[in-house]
Amino acid sequence: MIAGAGAAHTGGPARVRPPAVAGTFYPGSPDSLRSAVRSAFADAVVPAADAPVPKGLVVPHAGYVYSGAIAASAYARIIPARSTIRRVVLLGPSHRVYVRGLAVPGVDAFRTPLGIVPIDADARDVVVELPGVCVDDRGHADEHSLEVQLPFLQSVLDEFVLLPFSVGDATVDEVTAVLDACWGGPETLVVISTDLSHYHRHDEAARLDGRTAAAIAACRPDGIGDTDACGAYPLRGLLQVASERGLSVEQLDLRSSGDTAGDRHRVVGYGAFAVS
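Our subject in this report is the structure included herewith. Please read all numbers here as calculations on a predicted model, not as lab measurements.

1. Observations concerning the packing of helix 7 (residues 172-182) against helix 9 (residues 232-244)
Contact geometry for helix 7 and helix 9: axes closest at 8 Å, N-to-C directions at 60 degrees. Of the possible angle classes, the one that applies to helix 7 and helix 9 is oblique. When the axes of helix 7 and helix 9 are compared, the crossing they make is right-handed. Contacts from Val 172, Val 175, Thr 176, Leu 179 and Asp 180 of helix 7 reach helix 9 at Tyr 233, Pro 234, Arg 236, Gly 237, Leu 238, Gln 240 and Val 241. Taken together, the residues of the contact of helix 7 with helix 9 break down into 7 nonpolar, 3 polar and 2 charged.

2. Quick word on the sheet that holds strand 5 (residues 109-112)
Strand order across the open sheet formed by 3 strands is 1-5-6, with mixed pairing between neighbours. Strands at the two margins of the open sheet, each flanked by one partner only, are strand 1 (16-17) and strand 6 (115-118).

3. Observations regarding the side chain of Asp 195
Inspection of the secondary structure assignment puts Asp 195 in the loop between strand 9 (188-193) and strand 10 (198-200). A distance of 2.9 Å separates the side chain of Asp 195 from the backbone nitrogen of His 61, its partner in a polar contact. Excluding its chain neighbours within four sequence positions, the residues that come into contact with Asp 195 are Pro 60, His 61, Ala 62, Ala 229, Cys 230, Gly 231, Val 268, Gly 269 and Tyr 270.

4. A closer look at the nonpolar core
Across soluble globular proteins, you tend to see nonpolar side chains buried next to one another. Of all hydrophobic cores here, the largest spans 40 residues; its most connected members are Tyr 75, Ile 78, Val 88 and Leu 153. Sorting the residues of this core by element identifies helix 1 (30-42), strand 2 (56-59), helix 2 (64-75), strand 3 (87-93), helix 6 (150-156), strand 9 and strand 12 (267-275) as the ones contributing at least two each. Examining the composition of this core, we find that 6 residues originate from one element, helix 2, more than from any other. Residues Phe 165, Leu 179, Ile 192 and Val 249 belong to the second largest nonpolar core, which totals 35 residues.

5. Section: the packing of helix 1 against helix 2
Two numbers describe how helix 1 lies on helix 2: the axes approach to 7 Å, and their chain directions differ by 65 degrees. The element helix 1 and its partner helix 2 pack so that their crossing is right-handed. Residues Leu 33, Ala 36, Val 37, Ala 40 and Phe 41 of helix 1 pack against Tyr 64, Gly 68, Ala 69, Ala 72 and Tyr 75 of helix 2. Among the residues forming the contact of helix 1 with helix 2, the class breakdown is 9 nonpolar, 1 polar and no charged.

6. Looking at the pairing of strand 2
On any regular strand, side chains alternate: one points to one face of the sheet, the next to the other face. In strand 2, alternate side chains face the same way, and those of Gly 56 and Val 58 on one face and Leu 57 and Val 59 on the other are all buried. Pairing analysis gives 4 bridges linking strand 2 to strand 9, with the strands arranged parallel. Residue Gly 56 lies in a different strand from strand 9, and its bridge partner there is Val 190.

7. Focus on unusual backbone geometry
Although it is not a glycine, Tyr 199 adopts a positive phi angle of roughly 70 degrees. If you trace the backbone, Tyr 199 turns up in strand 10. A positive phi angle, close to 60 degrees, is found at Cys 219, a residue other than glycine. By the secondary structure assignment, Cys 219 is in the loop between helix 8 (202-217) and helix 9.

8. Observations regarding the pattern of salt bridges
The tally for this structure, following the rule as stated, stands at 16 salt bridges. Where Arg 15 meets Asp 108, a salt bridge forms, and the shortest distance between an N and an O atom there is 3.5 Å. Taken together, the residues span a long stretch of sequence, with Arg 15 in the segment before strand 1 and Asp 108 in the loop between strand 4 (102-104) and strand 5 at a distance of 93 residues. Classification of Arg 15 by relative accessible area gives partly exposed; the value is 46%.

9. Examining the packing of aromatic side chains
Enumeration according to the criterion identifies 4 aromatic pairs in this entry. Pairing Tyr 75 with Phe 152 gives two aromatic rings, centres 5.3 Å apart and planes at 10 degrees, and the pair type is stacked. Here the residue Tyr 75 occupies a position in helix 2, and Phe 152 occupies one in helix 6, the gap between them amounting to 77 residues. Of the two residues examined, Tyr 75 and Phe 152, each falls in the buried class. Sitting over the face of the ring of Phe 110, Arg 17 holds its NZ or CZ atom 5.1 Å from the ring centroid. One residue, Arg 236, lies across the ring of Tyr 233, its end atom 5.0 Å from the ring centre.

Cut-offs used in this document
Residues numbered from 1 in each chain as written. Predicted model: local features only at pLDDT ≥ 70, side-chain atom pairs only at ≥ 80, totals over all residues. Heavy atoms only, no water. Axes fitted to C-alpha atoms, helices over the stretch in contact; angles between N-to-C directions. Helix = DSSP H or I, 4+ residues; strand = E, 2+ residues; numbered from the N terminus. Parallel < 35°, antiparallel > 145°, perpendicular 65-115°, else oblique. Left-handed = near helix turned anticlockwise from the far one by under 90°. Contact = heavy atoms within 4.5 Å. Nonpolar A, V, L, I, M, F, W, Y, C, P; charged D, E, K, R; others polar. Pairing = 2+ DSSP bridges. Polar contact = N/O pair within 3.5 Å; in protein donor to acceptor, adjacent residues only side chain to side chain. Core = buried A, V, L, I, M, F, W, Y, C linked by side-chain atoms within 4.5 Å. Buried < 20%, exposed > 50% of the residue type's maximum accessible area, 1.4 Å probe, protein only. Salt bridge = Lys/Arg side-chain N within 4 Å of Asp/Glu carboxyl O. Phe/Tyr/Trp six-rings, centres within 6.5 Å; stacked < 30°, edge-to-face > 60°. Lys NZ or Arg CZ within 6 Å of the ring centre and 35° of its normal.

The analysis is restricted to geometry; functional conclusions fall outside its scope.
Okay, here's the thing in C-alpha cells:
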C-alpha cells in the first residue's frame, strides 16, 4: 500500500502532456479559465458549514457550460482541506482509445492553462505491478474525462501530485486493487470522473439518472449498468471499496445538460457525489 503523497519527476527533461481540450471543453486562456471556474462555483450547491471533507468524489466531465456547476458542487466540499490533500488519484473512462484494464501515463506531468500538475511517480511504480494496469500514454493524449478535472483541482487545492488512470474494460477487482493500493490517508483524494445517461429526452434521463443516483448513494456497484454511466467501470470499483470500508455516499447534485445549457430533447446526465 502507498502510504502518502509520492514524488514527482526529479531528474532530466520533464515529459509533459499538453492540454488537449483547452479552448473547447473549457477556456484556453488562464484568465478566462479562472472566470469559468468561478462561474461554476457560483452556480454550484453550497455545502453546509459542518459538511465533512470527503475521501472520494464522483464528478461529471462535460464542457464547463454544461456540467461545470455540477462538478463544482463536489469540489466545493474539499476546499477546507486545500492544504491537507497532497495527492489526487483520478480515474475516468477512455473515450477515444481502447484500454484493457487501467492505463497510467508515462509522462512526468500534465499541463493546463493554469500550470503544471506533476505525476506521482512513486505511486505509479507500485500500481503498474497490479493486474490490469499498464503504462500507455495513448489512453491519455486526447482524453477529456481526466483533463477537465484538473483546473478545478488546481483552483481548490494547494500543491498536489496526480495519479491519473484512463480506464477501459476493467474488472471491479482490478479497480478495487488499484484504489486499495493508493488509498492512503487524508492526504489522498480519490476522484471518479463520469457522466450519467446519454442522449435521452429530459424526462427519461431524469428517471434513469434518478435510479442510477439511488444505486450510487446506496453503495451498490451491481446497480450500475454499462449504459448508466460512461465511467461505470471505475465508478463500480469505488462503490465496492466504499462498501467494504463502511463508508457512505452522499448525493450532492443531479442535473442534466437540459437543466444547464442544452435543449431537452437529447440530454446528458450529470451527478456529483461525496464518499465519506
